[in-house]
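Commentary on secondary and tertiary structure
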Amino acid sequence: MLKLRSMAASPRRILDDIALCLVFFTRLPLPVIEFRGRSLAAAIWAAPVAGLAVGLIGAIVFATAERFGLAIGPAAALALAATVITTGCLHEDGLSDVADGFGGGKSRGRKLEIMRDSRIGAYGASALGLSLLIRWSVLSQVADPTQALFTLVAAHAASRGVLGAFMHLLPPARSEGLSAGAGAVSRETAVLGAVLGAIPLLLLGLGGAIVALILLGLLFTAFRALCLNQINGQTGDTVGALQQLSEIAVLLVASVALS
């Protein structure tokens, strides 16, 4: 509650946190902003807002493509491409690194070493290919631009709402690196981000939102246990992988809830 009251009393801080998340999670051409020492860990509650922007961009591209007479399949491919370009493949990179590391490493140290390697292996390529295929297959089945909007906004916002909680509940697996450098995420920040990420799920209907929340909770718990077992914590790559898995989970629920 103290966190919420502090933020309510500082609109500039809210805007700074949103801008920081937009700068970090997207490649949007934003102006140079002075964040006055604010860390990503403190601002991570606003990650769903960045997800909202990504989803809106994908939905606009989908609607534009459909308006010009493209079939749903190509429109879905262009919308997916737009979201990937907007994020600079940030989370896709994490997914492929985690798949390579967890799949190919025999020890904790070797897994972390592989995850830092810029080269992509068979596990990473397969995970990335399946992620793109599943996401495209869902988007290619939507009925119209409005449904695409609801689907993309819900998936991108909710999948980023869980990131703060993940960073709060797991220690960094390395003493250096992106995740360790981001700082410690407070419980209040994690809860606020999760709540903001959950609200857009209502676009899937009450039933769809409940199913999505349950599925996200199960996925979160399972992936947290996996990361603890594999590397005794979390890294920036695992955070990105969680976003991808969560996005896919919400998309799958949307494919049923909005059909």
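Refer to the structure above for everything that follows.
The present account deals with the structure reproduced in this document. Remember, it's a predicted structure, so these values are computed and weren't measured experimentally. (Residues numbered from 1 in each chain as written. Predicted model: local features only at pLDDT ≥ 70, side-chain atom pairs only at ≥ 80, totals over all residues. Heavy atoms only, no water.)

Tallying secondary structure elements over the chain gives 14 helices and zero strands in all. From first element to last, N terminus to C terminus, the chain shows the α and β order α-α-α-α-α-α-α-α-α-α-α-α-α-α. In terms of overall dimensions, the chain is globule-like: its C-alpha atoms have a radius of gyration of 18 Å, near the 18 Å expected for 259 residues. A principal-axis box enclosing the C-alpha atoms of the chain has dimensions of 50 × 50 × 35 Å. Counting every position in the chain, which comprises 259 residues, the buried fraction comes to 49%. (Helix = DSSP H or I, 4+ residues; strand = E, 2+ residues; numbered from the N terminus. Rg over C-alpha atoms; globule rule 2.2 N^0.38 Å. Buried < 20%, exposed > 50% of the residue type's maximum accessible area, 1.4 Å probe, protein only.)

Contact pair helix α13 (residues 205–231) / helix α14 (residues 236–257): the axes reach a minimum separation of 10 Å and the direction vectors enclose 155°. With respect to α14, the element α13 is oriented roughly antiparallel. Seen from above, α13 lies across α14 with right-handed handedness. Together, Gly208, Val211, Ala212, Leu215, Leu216, Leu219, Phe220, Phe223, Cys227 and Ile231 of α13 and Thr238, Ala241, Leu242, Leu245, Ser246, Ala249, Val250, Val253 and Ala257 of α14 make up the contact between the two elements. (Axes fitted to C-alpha atoms, helices over the stretch in contact; angles between N-to-C directions. Parallel < 35°, antiparallel > 145°, perpendicular 65-115°, else oblique. Left-handed = near helix turned anticlockwise from the far one by under 90°. Contact = heavy atoms within 4.5 Å.)

Turning our attention to the nonpolar core. Membership of the largest hydrophobic core comes to 38 residues, with the highest contact counts inside it found for Phe25, Ile44, Phe166 and Leu242. For Phe25, the residues in contact, after removing those within four places along its chain, are Leu40, Ile44, Ala47, Ala50, Thr87, Leu90, His91 and Leu163. (Core = buried A, V, L, I, M, F, W, Y, C linked by side-chain atoms within 4.5 Å.)

Take unusual backbone geometry next. Even without being a glycine, Cys89 presents a positive backbone phi close to 60°. Relative to the helices and strands, Cys89 resides in the loop between α5 (72–87) and α6 (90–104). On the basis of relative accessible area, Cys89 is assigned to the partly exposed category, the value being 35%. Although it is not a glycine, Asn232 sits at a positive phi angle of roughly 60°. Residue position: Asn232 is located in the loop between α13 and α14. Judged by relative accessible area, which is 47%, Asn232 ranks as partly exposed.

Now for a nonpolar patch on the surface. A surface patch of nonpolar side chains, about 790 Å² in accessible area, is lined by Val191, Val195, Ile199, Leu202, Leu206, Ile210, Ile214 and Leu218. Counting residues per element, the ones that place at least two in the nonpolar patch are α12 (187–198) and α13. Within the secondary structure, Ile214 sits in helix α13. (Patch = residues over 30% accessible without salt bridge, like charges linked within 9 Å, V, L, I, M, F, W, Y side chains within 5 Å. Areas by Shrake-Rupley, 256 points an atom, 1.4 Å probe, with all protein chains shown as cover. Salt bridge = Lys/Arg side-chain N within 4 Å of Asp/Glu carboxyl O.)

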